[in-house]
Amino acid sequence: MAARLIDGKAAAEAVKVEVRSRLARLAEHDLVPGLAIVLVGEHPPSEIYVRKKLEACRKVGLRATLHRFPADVSQPTLHGKIAMLNADPAVHGVLVQLPLPPHLDTKATIDRVDPEKDVDGLHPLNIGRLQTGRPGFIPCTALGIMRLLQHYGVDVRGKNAVVLGRSAIVGRPTSWLLLRAHATVTTCHRHTDDTREHAARADILVSAVGKPHLVTADWVKPGAVVIDVGINRLHDGRVVGDCDFAALSERASMITPVPGGVGPMTVAMLLANCVLAAERAHRLHDGGAA
Ligand code: GUN
């Protein structure tokens, strides 16, 4: 049986409807959330991601500003900019686009972002909050994956969830969120013995590795839900995920396409996190999930 397609664009639109209504409430208080994006160097995929983020902000009515630096910017200059953005009351979210050039210390840079403006959820304080179940900011892709599952009525509780990849941006926070939602979680990484064997036991399989054609049909249990986070550009210019989409479509019960699956959700959840940051800054947030 053909798998049901998980439409990230449609789910992202549902998130944006909520974002617009929260923006309208903020506007009643004369507030427009501000997002500052810091971009260093010329990394082509980052250029594309940042353009998408800026466009999405503009479309919903969030005030986004881009702060560009040459690839050889010094660490103190970058830190100085982050300090200025932290101190600016019109800026509610600060996002440093990754990866940074190798001469810069990524962790030290993220540590400088005010945790209350860390809409990427990468600051150690927000990681600790996520792990200990306190409200904070959660990385946008991980949050987007959970929203997709919720949108499509996938009950995570008690299920075997397998996450391929343990990156700070996607793999680890996705594992924590699945665990928080009462799944039994296995995180596989480059040192895992027989990743295929783990994957084949998954009711929910999330691949966030960045390797085209990694996940073939024999990695997937019939009826599993497959979330493909990979975005890989092939030599012929096509963009594909980590999964063999055609083969898995005959085996999974639901699957995300690439593009059009997780990608739009990452951007939508960034908008939601920016609104949340502004609501919290002005004591207008009425609780609820981070
Ligand atoms: N690079 C790729 N994905 C992301 C993301 O979600 N946030 C940041 N800051 N950089 C990225």
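Provided above is the structure to which this section pertains.
As a starting point, this report considers the structure included with it. (Residues numbered from 1 in each chain as written. Predicted model: local features only at pLDDT ≥ 70, side-chain atom pairs only at ≥ 80, totals over all residues. Heavy atoms only, no water.)

**Overview of the overall build of the protein chain**
So, step 1. Across its full length, the protein chain carries 10 helices and 11 strands.
So, step 2. Here the C-alpha radius of gyration of the protein chain, 19 Å, is about what a compact globule of 290 residues would show, namely 19 Å.
So, step 3. Each principal axis of the C-alpha distribution contributes one length, and for the protein chain these read about 50 × 40 × 35 Å.
So, step 4. Here the protein chain, with 290 residues, has 50% of them falling under the buried criterion.
So, step 5. For the protein chain, long-range pairs separated by at least 24 residues make up 70% of all intrachain contacts whose partners lie at least 6 apart in sequence.
So, step 6. Charged side chains of the protein chain number 35 positive and 29 negative; the gap between the two group centres comes to 2 Å. (Helix = DSSP H or I, 4+ residues; strand = E, 2+ residues; numbered from the N terminus. Rg over C-alpha atoms; globule rule 2.2 N^0.38 Å. Buried < 20%, exposed > 50% of the residue type's maximum accessible area, 1.4 Å probe, protein only. Contact = heavy atoms within 4.5 Å. Lys, Arg positive; Asp, Glu negative; His and termini not counted. Charge placed at Lys NZ, Arg CZ, Asp CG, Glu CD.)

**A short note on empty space enclosed by the protein**
So, step 1. Here the structure, examined in full by the defined rule, presents two cavities of 30 Å³ or more.
So, step 2. As a volume, the largest cavity reaches approximately 50 Å³.
So, step 3. Top element by residues in the lining of the largest cavity is strand E4 (residues 93-96). It accounts for three residues.
So, step 4. Considered class by class, the residues forming the lining of the largest cavity number six nonpolar, no polar and two charged.
So, step 5. Each pocket or cavity is described by its volume, and for the second largest cavity that value is around 30 Å³.
So, step 6. In terms of lining residues, the second largest cavity is bounded by Gly121, Leu122, Ile127, Leu130, Pro139, Ala168, Pro173 and Trp176.
So, step 7. Looking at the lining of the second largest cavity, the elements with two or more residues in it are helix H5 (124-131) and helix H7 (171-180).
So, step 8. Grouping the constituent residues of the lining of the second largest cavity by class yields seven nonpolar, one polar and no charged. (1 Å grid on protein atoms, 1.4 Å probe; cavity = no way out; pocket = protein on both sides within 12 Å on 5 of 7 lines; lining within 4 Å. Points joined across faces, edges and corners; volume = space filled by probe spheres on them. Nonpolar A, V, L, I, M, F, W, Y, C, P; charged D, E, K, R; others polar.)

**Some thoughts on unusual backbone geometry**
So, step 1. Cis geometry marks the peptide bond from Leu98 to Pro99; its omega dihedral reads 5°.
So, step 2. If you trace the backbone, Pro99 turns up in the loop between E4 and helix H4 (106-112).
So, step 3. That bond from Val258 to Pro259 is cis: its omega, 0°, falls within 30 degrees of zero.
So, step 4. Structurally, Pro259 is set in the loop between strand E11 (254-255) and helix H10 (262-281).
So, step 5. Despite not being glycine, His182 shows a phi value in the positive range, around 75°.
So, step 6. Here His182 is to be found in the loop between H7 and strand E6 (184-188).

**Remarks on the packing of helix H6 (residues 140-151) against H10**
So, step 1. Closest axis-to-axis distance for the H6/H10 pair is 8 Å, and the angle between their directions is 110°. One element, H6, and the other, H10, form an angle in the roughly perpendicular class. Contacts from Cys140, Thr141, Leu143, Gly144, Ile145, Arg147 and Leu148 in H6 reach Val262, Met265, Thr266, Met269, Leu270 and Asn273 in H10.
So, step 2. Classifying every residue of the contact of H6 with H10 gives eight nonpolar, four polar and one charged. (Axes fitted to C-alpha atoms, helices over the stretch in contact; angles between N-to-C directions. Parallel < 35°, antiparallel > 145°, perpendicular 65-115°, else oblique.)

**Quick word on the site of the ligand**
So, step 1. Residues in contact with the ligand, as listed here, are Lys53, Leu95, Val96, Gln97, Leu98, Asp120 and Ile169.
So, step 2. Between a nitrogen atom of the ligand and a side-chain N or O atom of Asp120, the distance comes to 2.5 Å.
So, step 3. Computed on the free molecule, the ligand has an accessible area of 280 Å², of which 83% lies beneath the protein chains in the complex.
So, step 4. For the shell around the ligand, a count of residues per class yields four nonpolar, one polar and two charged. (Near = heavy atom within 4 Å. Polar contact = N/O pair within 3.5 Å; in protein donor to acceptor, adjacent residues only side chain to side chain. Areas by Shrake-Rupley, 256 points an atom, 1.4 Å probe, with all protein chains shown as cover.)

**Examining the pattern of salt bridges**
Between side chains of opposite charge, pairing is possible as soon as their charged atoms come close.
So, step 1. In the structure shown here, the tally under the stated rule is seven salt bridges.
So, step 2. In this structure, Glu13 engages Lys16 in a salt bridge whose closest nitrogen and oxygen atoms are separated by 3.8 Å. Here Glu13 and its partner Lys16 are both found in helix H1 (residues 8-28), three residues apart, which amounts to about one turn of the helix.
So, step 3. The closest approach of N and O atoms between Arg147 and Glu18, which form a salt bridge, is 2.8 Å. Linking Arg147 in helix H6 with Glu18 in helix H1, this pair joins segments that are 129 residues apart in sequence.
So, step 4. Owing to a relative accessible area of 22%, Arg147 belongs among the partly exposed residues under this scheme. (Salt bridge = Lys/Arg side-chain N within 4 Å of Asp/Glu carboxyl O.)

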